[in-house]
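As a plain string of letters, each chain reads:
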Amino acid sequence: MTDLIQTARPAGSASTTDMGKIAAAAGLAVVTWASAFVAIRGVGHALSPAPLALLRLGVGAATLTVIAVAKRAVRVRLSRKALLLIAAYAVLWLAGYTVALNAGERHVDAGTAALLVNLAPLLVAVTAGRFLGEGFSRSLIVGSLVALGGTAIIATGATAQRDWAGVLLCLLAAVLYAAGVMIQKVTLRHVDGLTAIWLGCVVAAAVLLPWTPQLVGELQVASTGAVLGAVYLGVFPTAIGFTAWAYALRRMNAGRLSAVTYAVPAVSVLLSWLLLAEIPTAYGLLGGVLCLTGIAISRRR
């Protein structure tokens, strides 16, 4: 985490070492976010969508506060524009996306949820090309389509029954995800990654405070495993995962970086295999290979 919260170098000056750090940060975000789909599926029966999101973001904010104080790396004197941008992506992505995903995974399995949410990178690539001037490279478009085909194959092999309410909620999560990434990309022009994600978690948790009484009531009857699962979501996918993502996003095009998240469904399948003893199907293995192939294509210059 030490390297992930250092100040960014100017664009275009990245060395081989810097590119290695960016790749490591993106990989860390992918693994932690993939694990979140499995954890949410396991915890969702004990905690409702909004209370779970509140606990997750509260733990994330507390974890980031400890890191920030230890590093003395947080800059809180920000312009009004920076604060508004942080608040916007905090509400859309950190709060809205998290609640929508929690609700969606009550209706669909983790693999299907990962597929639907990972429609977001295509939305990001198109939007970044149109509004941020990142353009539409052939490798990005082709790689994204190949990776999207891989996630579709993974979903085809899913055995759980689909629910349209869950599908719509996960699609809503994808839209909120894409909007959050775009706003965060602009935000990172005005503030460092750690400050942005720290204040974002604080704002998102504050937005969800009205669900505190419900959270307290549900925690009184929740199992220890469910509580620990929610804490895990706050520390790893939220605090560490989003910090790693912000580090990479500040140093890389939003469209190209978002294509990396197509690996999330493939990693989710692998984690389900290792942690839940769910052996992946041939569809899952083929889809995972296509996801990784698409990412490799999208990364070509």
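Structure's up top.
Residues numbered from 1 in each chain as written. Predicted model: local features only at pLDDT ≥ 70, side-chain atom pairs only at ≥ 80, totals over all residues. Heavy atoms only, no water.

J.: Just to check I follow, could you spell out the packing of helix 2 (residues 49-71) against helix 3 (residues 80-104) for this structure?
T.: A pair of packed helices is characterised by two quantities: the angle between their axes and the separation of those axes. Contact geometry for helix 2 and helix 3: axes closest at 8 Å, N-to-C directions at 130°. Here helix 3 runs oblique to helix 2, going by the angle between their axes. Of the two elements, helix 2 crosses helix 3, and the hand of that crossing is right-handed. Taken together, the residues of helix 3 that come into contact with helix 2 (itself represented by P49, A50, L52, A53, R56 and L57) are L94, A95, T98, V99, N102 and A103. Tallied by class, residues from the contact of helix 2 with helix 3 come to nine nonpolar, two polar and one charged. (Axes fitted to C-alpha atoms, helices over the stretch in contact; angles between N-to-C directions. Helix = DSSP H or I, 4+ residues; strand = E, 2+ residues; numbered from the N terminus. Parallel < 35°, antiparallel > 145°, perpendicular 65-115°, else oblique. Left-handed = near helix turned anticlockwise from the far one by under 90°. Contact = heavy atoms within 4.5 Å. Nonpolar A, V, L, I, M, F, W, Y, C, P; charged D, E, K, R; others polar.)

J.: Explanation requested: helix 8 (residues 193-207) in the structure shown.
T.: In an α-helix there are 3.6 residues to a turn, and that puts residues three or four apart on one side. Helix length check: helix 8, at 15 residues, gives a terminal C-alpha distance of 21 Å against a target of 21 Å (1.5 Å per residue), a fit within 8%. When you tally the buried positions in helix 8, you get 11 out of 15 residues, the bulk of the element. Every buried residue of helix 8 is listed here: G193, L194, T195, A196, I197, W198, L199, G200, C201, A204 and A205. Buried residues along helix 8 sit against helix 2, helix 3, helix 7 (164-187) and helix 10 (224-250). Of the residues flanking the start of helix 8, the one acting as N-cap is D192, its side-chain oxygen 3.3 Å from the backbone nitrogen of L194. (Expected span 1.5 Å × (residues − 1). Buried < 20%, exposed > 50% of the residue type's maximum accessible area, 1.4 Å probe, protein only. Polar contact = N/O pair within 3.5 Å; in protein donor to acceptor, adjacent residues only side chain to side chain.)

J.: I'm lost on the packing of aromatic side chains in this one. Help?
T.: Each aromatic ring pair is specified by the distance between its two centres and by the angle formed by the two planes. Counted under the stated rule, the structure contains nine aromatic pairs. Aromatic pair W33 and F242: ring centres 5.1 Å apart, planes at 55°, arrangement tilted. Here the residue W33 occupies a position in helix 1 (residues 16-43), and F242 occupies one in helix 10, the gap between them amounting to 209 residues. Side by side, W33 and F242 carry an identical accessibility label, which is buried. (Phe/Tyr/Trp six-rings, centres within 6.5 Å; stacked < 30°, edge-to-face > 60°.)

These figures capture arrangement, not role.
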